[in-house]
Amino acid sequence: MHIVSTWSPSSSVYFSGKIGENALVVAKSNRIEVIELAPDGLHHRCSLEIWGTITSLNVLRQSPYILITTDHPRPTAVVINYNAKLSALTVIRTVSLLERSSRFAEYYQGAEIHEASGIAVALSYSASLKVIPVLSKELAEFDCRSSATPLPTVAMLYIDLQLRRRIVAREVDLENKEISIEPSPMLPQTQVSDGATLIVPLEGVDGHAGYVLVLGGGQGQLFEIYGTENLSPAKRIQRKDKGSETPNRRKRARDSADVRNSDIRVELPFAEVAAYAEIDSQRMLLADQYGRLAILLCLCTPDSGAINELKCRVLGEVNSPSTITYLNDGIVYVGSHFGDSQLVRILQTPVKHENGTVSRVEVLETYKNIAPIVDAVITHTDGSSQVVTCSGGYNAGSLRVVRKGADFKELVAVERMPRISAMWPLRFPSYDKIDRFLLYSTLYSTALIDISDSGHLEEMTPDRFPDLERGRPTLAAGSLDGYDGNAFVQVTNNRVIILDLSIGAKISEWPTPKNSRRSIVSITVACVNPTQIALALQGGELLYLIIDKDMKIIEQSSRIFRDGGEPREVCALSINPMWSSFPHESRVLAAAFWGSNAVNLLKLPTLQPVSAIPLSQGESHLPRSVLLHTFGDTQPYLLAGLADGSLVAYELEKRTLEPRGKRVMGLGNLPMILTPCRHGADKPVVFVSGNRPAVLFLDNGRLQHSPIVLKASRGFGFTKCAALIHSVKYPDALLLAGPDNLVIGQLRELHKLNIRTIPLGLDNPHKICYDPDNKVFGLGILRNEPSGLNELSVESTPSFRVLDELTFETFHDFNLPSSEEVTSIGSFLLSCSGTVSRYFVIGTEITAPIPNSPHRGKIRVHRMVSVHAVDDITTLPVNGGVASLDCVDNKVVACVNSAVILYELAQTESDLRPTLIKLASWDRGYHLHTVRVRGDVLVTADALRSLDVLTYSGKGFSLRARDHSALWPIAMETVDGEHIMVAEAWGHKNLFTYKAEGGLLDRIGTYHLGERITSLQKGSLVTNDNKGVLWPSLVYFTVNGQIGVISETQGDFPLLLTELQRNMGYVLEGPGKVEHAAWRSPVNINGSLEGDAIGFIDGDFIERFLLFPKDSGEVARIMQGRKSHETLKVSYEEILQALEQLQLVH
């Protein structure tokens, strides 16, 4: 059973529109968002997830209504109401666009709306339209594009049987619920430019009905729309009495139509218009795919107000747009599929940039978008996982480094620090809110740092603090109550000292010289708070001390712990105050012991046991740090970090402190230190120091963790310790101690997708691989550069590039001929003359100069010979494009057209350099585009057939199993030795799993994802690998920028989650009352549903269970099911624990 979960949601923007005065509606692939324009930028107001892919969006600007169309589970038009006061989106109406036995429209699917009448026209199927009165419940079938005319008339751009592009208009008869067969005389049927791709309605003024602007092919052409008053009397009668029309009369009416203003044209600075936005009736913004932004001016005659001239002026450059919306005062939103979306301002006067270009465009804000993900790799840097994607296109090509975790903003770094093992901030006076000092300890000594208001850090000399114990490591320290706030305590391995911060002199100490019983002590572990001290002495003795008003240290109680007569040594303590009503003292002490995997809770001041809490089952992993914490007067927790890097968390009952709700989280593989701190000014969190630093926090009443994304260049593969400081210069900041440095920074968002952008501009990366030995990336790049501003041609330059893992500095840039494009790339360990080394292998395709002639290709081998040098080893021409590469037995496997070919890198006596020698081939395919190797098993995906499983025997290939069903695979990966995951192409967006049995591939799983997958890869995006019942196995990447995790599960876990999904489907529906089972049902080649999904669980859907309180009606209905046998046989808490385990893998 596989569970599909989203790691990073889709980020591509396809449609946008203005609603109301300052609101913007943005449509992503499956989500509607409303954003409000404020003086400081755009602010998110609300959003609505759509179960289906959004194919169009239309906004009635002067009303609160939004119309969208979707494609799955059935083509549907959805009317949505936006309530500005409540900031809410509500579906008020759905209209099915489904038609049986029809063919989906090839060039356009969606809807257009006529704002004046509220009439929309939807197109989903070829030669079939549907009219939707948005504000009415009446329906009628109809056609495609609309224009701004007071009469319900639709303008359409189409290709006739002679492949000519023509524009035609048809009238809508609302009374008879039909569309006219004959073209409307309001817009003459006319042939337009061969490159025309877009028609745009323009409003008319001074009695003019309006215009239609045809764009594309490097020009714009204007047509005027006739109102009824502009028609001759015969034509008016013709419109009123259509029944009296004859074919000859209709023909004469068409022939006599005045094609007025059709000769008004304008040359555009680009070939195709990708997006447009109307400013007013005389101004319009246009942009092409390369982001070149221009303004189109419609000049009118003074007397009649008719448009008599068009002018186009270039303004500047934005990211490649998919949609443009003009807001107000020169502010424009640019939504992009191929780059980051932008908020820009159109300037009155041009500005000269550093590169010498002049522009009237100013970028105000940028919104991250990692789509389209063409290819990607998963790397593990310093123990944490990250994704590097080939993203963008046209003028916005980029690499994106994506990590998920808490956002840490570095403020300052102090280099060449000693290896700090612990540190504590000190306030002077203690009731002040500002930390003035920092006490830190190494394994051998202690030092005190003064923190100035300017942020300067200066170590205090012994003459300023004479009684500070500097020659020993400090086990615990902290500011104390009383003594006018001037005292703090320092605990070393042989004594406890209370010092005066104002003069650095000792106030008191323990043990005192007169205390003969305690004259010599060996302290192993200590913890303090403003009024209490807990010490663990060698020999298993635990000591509880308090500090009186005179700063004297008083022994309150002690207890010796033994196990079978042998002393139990304490390894960790916590006396952290948990409640705001007792901010400076604790009523309980947590103690963990060596040789035990349990934590004892002891009552203060008596040290009497309250409970013993087990931490792990099976193999004993000793606790190395413990912490009592409440996360802000909500729920007390016991947190324990184990020696293997696991964190165990228990909820404690508030009155009795009985443990419940155990959780185990993998946060590394080394011991950790738990430090209470804050996010911002008032949100309590816990920082976890270790080889995988993280932050713990409560979200919706549940304990969550988020990794900290730190700069790898700082050497922060391991954080020794952390401390919270609040100074004048660094408010609410974190101090992190690395191996040899100290970093001060601030926690920003706790659960954020951190995206680092490496902009490449016109260099569009489309293939990537990772060399773990040399810590570099190999890239296949295609640069498409427009020849000039008014030139329509594009120059292509392919190349292979090697970049550094951390800095992304280019080490090697190898340009290929313009006709040769990189189609596959890999970093493999290959054997050459008995020596195994790592090589880059690049597969290319050479475009044939004559259309429809056979393509050729090459296999190129490169090798890193030094840090900044890459050697071109060999090049082998092949009879076809190299679509995919892999490695078996240290040899290269390549998909070349219809064949799988095995090559060996060898060096003969006659050759000075190694060459590729063909060893074996298997030519039984049609168009092989992917090969994956696992051991001696190869799986190939054929674009025109399906899947084949081959076995490599050392001498050649033999067919092991084949899928004979019709399938169009676009991405494929092996799950294990027997199972294969396949993503289907284009509109179907299905996932399938196969199992090889007896020479056949049986389809055992089907699932509709709703996203077009571009890559499937084995691996994990989290460091926690729970191999017990749930573990991540595959990662997928989509064209819309979505990254997801496919996990495997076993035991009783699949049954539990399947039953939970079934019952939740009875209770929860998607917008428009879409059933979950229908939403995830796969679609066949004809667009029909093929039954329920099998073998997959929707992880995002079942995790919604966590949003409902235990006593809610939804939870009761989900637990009960529809019938008696559907009642869930597990408790609410067990479901929560299962879903929290699921969250850990994505």
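Residues numbered from 1 in each chain as written. Predicted model: local features only at pLDDT ≥ 70, side-chain atom pairs only at ≥ 80, totals over all residues. Heavy atoms only, no water.

Undergrad: It is not clear to me how the overall build of the protein should be interpreted in this structure. Could you clarify?
TA: Assigned secondary structure in the protein consists of seven helices and 86 strands. With respect to the principal axes defined by its C-alpha atoms, the protein has extents near 125 × 80 × 75 Å. For the protein, long-range pairs separated by at least 24 residues make up 51% of all intrachain contacts whose partners lie at least 6 apart in sequence. When the accessible surface of the protein is split by element, carbon and sulfur atoms take 49% of a total near 48400 Å². When the 113 basic and 128 acidic side-chain charges of the protein are each reduced to a single mean position, those positions are 2 Å apart. (Helix = DSSP H or I, 4+ residues; strand = E, 2+ residues; numbered from the N terminus. Contact = heavy atoms within 4.5 Å. Areas by Shrake-Rupley, 256 points an atom, 1.4 Å probe, with all protein chains shown as cover. Lys, Arg positive; Asp, Glu negative; His and termini not counted. Charge placed at Lys NZ, Arg CZ, Asp CG, Glu CD.)

Undergrad: Is there a simple way to think about the sheet that holds strand S8 (residues 76–83) in this case?
TA: Backbone hydrogen bonds hold the strands of a sheet together, and the pairing may be parallel or antiparallel. In space, the four strands of this open sheet follow the order S6-S7-S8-S9, with antiparallel pairing throughout. The strands lining the two open edges of the sheet, one partner per strand, are strand S6 (54–59) and strand S9 (88–96). Geometrically, the sheet is characterised by an average inter-axis angle of 25 degrees between neighbouring strands, direction not taken into account. Both S6 and strand S7 (residues 65–70) contribute to a ladder of five bridges, which runs antiparallel. Among the inter-strand pairings, Val 59 is bridged to a residue of S7, identified as Ile 66. (Pairing = 2+ DSSP bridges. Axes fitted to C-alpha atoms, helices over the stretch in contact; angles between N-to-C directions.)

Undergrad: Can you help me understand the nonpolar core in this one?
TA: Generally speaking, a soluble globular protein has its nonpolar side chains buried in company with each other. Among the nonpolar cores identified, the biggest contains 29 residues, and Leu 1057, Leu 1060, Met 1064, Ile 1102, Phe 1105, Ile 1135 and Leu 1139 are the most heavily contacted of them. Elements supplying a minimum of two residues to this core: helix H3 (1053–1067), helix H5 (1099–1102), helix H6 (1113–1120) and helix H7 (1132–1143). For Ile 1102, the residues in contact, after removing those within four places along its chain, are Leu 1057, Leu 1060, Gln 1061, Met 1064, Ile 1097, Leu 1139 and Leu 1142. (Core = buried A, V, L, I, M, F, W, Y, C linked by side-chain atoms within 4.5 Å. Buried < 20%, exposed > 50% of the residue type's maximum accessible area, 1.4 Å probe, protein only.)

Undergrad: Explain the side chain of Ser 1112 here, please?
TA: Locating Ser 1112 in the fold gives a position in the loop between H5 and H6. A relative accessible area of 12% places Ser 1112 in the buried class.

Undergrad: Looking at this model, I keep getting lost on a nonpolar patch on the surface. Mind explaining?
TA: On the surface, a cluster of nonpolar side chains totalling about 390 Å² of accessible area is made up of Tyr 107, Ile 159 and Leu 163. Looking at the element boundaries, Ile 159 is found in strand S14 (residues 153–159). Owing to a relative accessible area of 37%, Ile 159 belongs among the partly exposed residues under this scheme. (Patch = residues over 30% accessible without salt bridge, like charges linked within 9 Å, V, L, I, M, F, W, Y side chains within 5 Å. Salt bridge = Lys/Arg side-chain N within 4 Å of Asp/Glu carboxyl O.)

Undergrad: Would you take a moment to explain the environment of Lys 603 for this structure?
TA: Structurally, Lys 603 is set in strand S49 (residues 598–603). As a C-alpha pair, Lys 603 and Leu 589 span 14 residues in sequence and 6.4 Å in three-dimensional space. Not counting residues up to four positions away in its chain, the partners in contact with Lys 603 are Arg 587, Gln 608 and Val 610.

Undergrad: How should H7 be read in this particular structure?
TA: It helps to recall that an α-helix has 3.6 residues per turn; residues three or four apart then point in one direction. Look at H7: 17 Å from first C-alpha to last across twelve residues, which is about the 16 Å you get at 1.5 Å a residue. Listed in full, the buried residues belonging to H7 are Tyr 1132, Ile 1135, Leu 1136, Ala 1138, Leu 1139, Glu 1140 and Leu 1142. (Expected span 1.5 Å × (residues − 1).)

Undergrad: In this structure, what is going on with unusual backbone geometry? I would like to understand it.
TA: Most peptide bonds adopt trans geometry, and most residues besides glycine take a negative phi value. In this chain, Ala 371 is followed by Pro 372 through a cis amide linkage whose omega measures -15 degrees. Within the secondary structure, Pro 372 sits in the loop between strand S29 (358–367) and strand S30 (375–381). With phi around 60 degrees, Asn 890 is a residue other than glycine that occupies positive phi space. In this fold, Asn 890 is placed in the loop between strand S71 (882–888) and strand S72 (891–896).

Undergrad: Any chance you could explain the pairing of strand S78 (residues 957–962) here in plain terms?
TA: In the case of a regular strand, side chains alternate between the two sheet surfaces. Where strand S77 (residues 947–952) and S78 come together, five bridges link them in antiparallel fashion. Bridging from a neighbouring strand, Thr 951 pairs with Ser 958 of S78. Between S77 and S78, which follow one another and run antiparallel, lie four residues, and Gly 954 among them has a positive phi close to 100 degrees.

Undergrad: Got a minute to help me understand the packing of aromatic side chains in this structure?
TA: Each aromatic ring pair is characterised by the separation of its centres together with the angle its planes make. By the definition in use, this model includes 16 aromatic pairs. The interplanar angle of 55 degrees and the centroid separation of 6.4 Å between the aromatic rings of Phe 428 and Phe 437 together place this pair among those described as tilted. You can call Phe 428 partly exposed: its relative accessible area is 27%. Consider the rings of Tyr 952 and Phe 957, whose centres lie 5.8 Å apart with planes at 50 degrees: the pair is tilted. A relative accessible area of 13% means that Phe 957 is categorised as buried. The structure contains a cluster of three or more aromatic residues connected by ring pairs, namely Phe 428, Phe 437, Phe 465 and Phe 488. One cation-aromatic arrangement involves Arg 568 over Phe 593; the distance from NZ or CZ to the ring centre is 4.2 Å. Between the NZ or CZ atom of Arg 1003 and the centre of the ring of Phe 992, over which it lies, the distance is 3.9 Å. (Phe/Tyr/Trp six-rings, centres within 6.5 Å; stacked < 30°, edge-to-face > 60°. Lys NZ or Arg CZ within 6 Å of the ring centre and 35° of its normal.)

Undergrad: Hey, could you run me through the sheet that holds strand S18 (residues 196–203) in this one?
TA: The antiparallel open sheet is built from four strands, whose spatial order is S18-S19-S20-S21. The sheet is open, and its two edges are formed by S18 and strand S21 (265–267), each paired on a single side. With direction set aside, neighbouring strand axes in the sheet form an average angle of 20 degrees. Here strand S19 (residues 210–216) pairs with strand S20 (residues 219–225) via seven bridges, running antiparallel. Note on S20: the bridge partner recorded for Leu 213 is Leu 222.

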